[in-house]
Amino acid sequence: MSDFKEFMADSALPIESETVGYTASPRFRGADGKPIEWRIKAITTEQDEALRQGAKKRTLIPGTRETKTEINYDTYISSMVCACVVHPNLNDAELQTSYGAVGAADLLRKMLTPGEYADLAMAVQQNNGFDAGMADKIKKVKN
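Heads up: these notes are all about the structure in this document. (Residues numbered from 1 in each chain as written. Predicted model: local features only at pLDDT ≥ 70, side-chain atom pairs only at ≥ 80, totals over all residues. Heavy atoms only, no water.)

Tallying secondary structure elements over the protein chain gives six helices and five strands in all. Starting at the N terminus and ending at the C terminus, the protein chain contains elements arranged as β-β-α-β-β-α-β-α-α-α-α. Residues counted as buried form 26% of the 143 residues belonging to the protein chain. The long-range fraction of contacts in the protein chain, counting pairs at least 24 apart against all pairs at least 6 apart in sequence, stands at 50%. (Helix = DSSP H or I, 4+ residues; strand = E, 2+ residues; numbered from the N terminus. Buried < 20%, exposed > 50% of the residue type's maximum accessible area, 1.4 Å probe, protein only. Contact = heavy atoms within 4.5 Å.)

Right, dumping it as structure tokens:
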């Protein structure tokens with residue numbers, strides 16, 4: 001008989017309990033002259049599913065009356081990054097106004113270079129467990 005105590009909800013650490021530091025850009029510096037770390041958190045599977053639902057789009061299949069539903073990957077990733085960045089507060093009106101941005105996604109695109117934005121998106125995905133393929137996970141278990 002297996003012991004499942006370690007898998008019970010009260011034994012598991014909360015998904016959103018910790019944030020990790022990430023230097024999104026060396027252009028943002030503190031009083032000490034060092035780059036400021038941004039803080040990112042993980043989201044729950046339910047939150048991720050809601051982001052995916054919000055990124056769905058329907059398109060008409062040419063020559064038919066049928067539609068197909070697809071996830072707009074750019075919208076999904078943008079929503080995930082916005083949901084996971086804790087610091088700076090991307091929803092702060094004063095910060096958005098300083099960049100002439102409307103909304104968190106617009107703010108990120110104005111604050112960061114394309115490469116910085118792509119790197120931040122990758123860091124957010126990794127923090128949410130999208131970094132290791134199944135082969136890597138199996139290899140870790142075997143060793």
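The geometry of helix H2 (residues 73-84) relative to helix H5 (residues 114-127) is characterised by a closest axis approach of 10 Å and an angle of 75° between their N-to-C directions. The angle between H2 and H5 places the two elements in the roughly perpendicular class. Residues Tyr73, Ile77, Ser78, Met80, Val81 and Cys84 of H2 pack against Tyr117, Leu120, Ala121, Val124 and Gln125 of H5. By residue class, the composition of the contact of H2 with H5 is nine nonpolar, two polar and no charged. (Axes fitted to C-alpha atoms, helices over the stretch in contact; angles between N-to-C directions. Parallel < 35°, antiparallel > 145°, perpendicular 65-115°, else oblique. Nonpolar A, V, L, I, M, F, W, Y, C, P; charged D, E, K, R; others polar.)

Relative to the helices and strands, Glu66 is located in the loop between strand S3 (56-60) and strand S4 (67-71). Its relative accessible area of 52% is what places Glu66 among the exposed residues. Residue contacts for Glu66: discarding those within four places in its chain leaves Thr59, Leu60 and Ile61.

One finds Trp38, Val81, Leu108, Leu112 and Leu120 to be the most contacted residues of the largest nonpolar core, which totals 27 residues. For this core, the leading source of residues is H2, giving six residues. Aside from chain neighbours lying at most four places away, what touches Val81 is Leu108, Leu120, Ala121 and Val124. (Core = buried A, V, L, I, M, F, W, Y, C linked by side-chain atoms within 4.5 Å.)

The full count for this structure, using the stated rule, is zero disulfides. As a non-bridged cysteine, Cys82 has Cys84 as the owner of its nearest cysteine sulfur, 9.5 Å distant. (Disulfide = S-S within 2.5 Å.)

Next up on the list: the sheet that holds strand S1 (residues 19-22). Pairing is antiparallel in the open sheet, where three strands are placed in the order S1-S2-S5. The outermost strands of the open sheet, each flanked by one partner alone, are S1 and strand S5 (85-87). Strand-to-strand twist of the sheet, defined as the mean angle between neighbouring strand axes without regard to direction, takes the value 40°. Packing of H2 onto the sheet brings it into contact with strand S2 (38-41) and S5, and relative to S5 it is tilted by some 30°. (Pairing = 2+ DSSP bridges.)

In this structure, Thr19 sits in strand S1. Spatially, the C-alpha atom of Thr19 lies 9.2 Å from that of Asn127, the residues being 108 residues apart in sequence. Look past the residues within four positions of Thr19 in its chain and what remains in contact with it is Arg39, Ile40, Lys41 and Val86.

Where burial is concerned, the two faces of S2 differ: the one with Trp38 and Ile40 is buried and the one with Arg39 and Lys41 is not. Where S1 lies against S2, four bridges are found, and the strand directions are antiparallel. In the strand pairing of S2, Tyr22 is matched with Trp38. Taken together, the two bridges between S2 and S5 define a ladder with antiparallel strand orientation. Directly across from Ile40, in S5, lies its bridge partner Val85.

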